Amino acid sequence: MIEISTDKSKLQIDVIHQFVTNAYWAKGRTVAEVKKTIEHCFCFGVYLDDKQIGFARVATDYTVFAYLMDVFILEEHRGKGYSKALIARIHEAEELKSCKVWMLKTADAHGLYKQFGYTALMNPEKVMERILK
């Protein structure tokens, strides 16, 4: 049985850093950067026998907008429904109940997120981004 917690003191920074610094969306992110993202977001840790096996964070104003980021389950624990449980727990969080606009970016997990009501942008002409390299 897994535990999903929002207690930041339980987060295992080394596990999170090891995963995200090698992920396509955060290649090379430093430990200091991981700590800063955690400090400024609403975070969810996934634990099995007190070992962290997954993570997600939400950048949010807790009122209108929520941006889901850095979602992962360690590879050896995939295929057991843990990512679905994590996303469900995030959406059920009382702190995020009033958020009406949710966003995320993914290159390979569209099937997972579609199960939770995420779609392609309805009006992409209204959305802009600024990417710095």
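These numbers come from a predicted model, not from an experiment.

Enquirer: Outline the overall build of the chain, supporting the account with residue identities and numerical values.
Expert: Along its length, the chain carries four helices and five strands. Ordered by position in the sequence, the α and β elements of the chain form the string β-α-α-β-β-β-α-β-α. Whereas a compact globule of 133 residues would reach a radius of gyration of roughly 14 Å, the chain reaches 15 Å, a difference of no more than 12%. Summarising its shape, the C-alpha atoms of the chain cover approximately 45 × 35 × 25 Å along the three principal directions. Of all 133 residues assigned to the chain, the portion counted as buried reaches 38%. Looking at the chain alone, contacts between residues at least 24 apart form 58% of all its contacts between residues at least 6 apart. Of the roughly 8600 Å² that the chain leaves accessible, carbon and sulfur atoms contribute 55%. Charged side chains of the chain number 19 positive and 17 negative; the gap between the two group centres comes to 5 Å.

Enquirer: Would you mind going over the nonpolar core in detail, with residue names and values included?
Expert: One finds Phe 44, Leu 68, Leu 86, Ile 90 and Tyr 113 to be the most contacted residues of the largest nonpolar core, which totals 40 residues. Within the residue set of this core, elements represented by two or more residues are α1 (13–20), α2 (31–39), β2 (42–48), β3 (51–60), β4 (65–73), α3 (82–92) and α4 (110–114). Considering every element that reaches this core, the biggest residue donor is β2, with six residues. Ignoring sequence-local partners within four residues, the contact set of Tyr 113 consists of Leu 68, Val 71, Ile 87, Leu 104, Thr 106 and Tyr 118.

Enquirer: Summarise the pairing of β4; cite the residues concerned and give the values.
Expert: Of the pairings in the sheet, the one linking β3 to β4 comprises six bridges and is antiparallel in character. Note that in β4 the partner of Val 58 across the bridge is Leu 68. Connecting β3 to the next strand, β4, in antiparallel fashion are four residues, including Tyr 62 with a positive phi near 65°. One ladder, built from three bridges, connects β4 with strand β5 (residues 101–103); its direction is parallel. Its bridge partner lying in β5, Tyr 67 is registered against Met 103. Regarding the hand of the β-α-β motif, the stretch spanning β4, α3 and β5 is right-handed.

Enquirer: Any chance you could break down the pairing of β2 for me, citing the residues and the numbers?
Expert: Among the seven residues of β2, seven are classified as buried, and the element is accordingly described as predominantly covered. Both faces of β2 are covered, namely the face carrying Phe 42, Phe 44, Val 46 and Leu 48 and the face carrying Cys 43, Gly 45 and Tyr 47. Bridge count between strand β1 (residues 3–5) and β2: three bridges; the pairing is antiparallel. Counted as the bridge partner of Glu 3 is Tyr 47 from β2. Relative to β3, β2 runs antiparallel, the two sharing seven bridges. Each residue of the ladder has a partner; that of Gly 45, found in β3, is Phe 55. Between the end of β2 and the start of β3, which pair antiparallel, lie two residues, with Asp 49 showing a positive phi angle near 55°.

The rules behind the values
- Residues numbered from 1 in each chain as written.
- Predicted model: local features only at pLDDT ≥ 70, side-chain atom pairs only at ≥ 80, totals over all residues.
- Heavy atoms only, no water.
- Helix = DSSP H or I, 4+ residues; strand = E, 2+ residues; numbered from the N terminus.
- Rg over C-alpha atoms; globule rule 2.2 N^0.38 Å.
- Buried < 20%, exposed > 50% of the residue type's maximum accessible area, 1.4 Å probe, protein only.
- Contact = heavy atoms within 4.5 Å.
- Areas by Shrake-Rupley, 256 points an atom, 1.4 Å probe, with all protein chains shown as cover.
- Lys, Arg positive; Asp, Glu negative; His and termini not counted.
- Charge placed at Lys NZ, Arg CZ, Asp CG, Glu CD.
- Core = buried A, V, L, I, M, F, W, Y, C linked by side-chain atoms within 4.5 Å.
- Pairing = 2+ DSSP bridges.
- Right-handed = clockwise from strand over helix to strand, strands pointing away.

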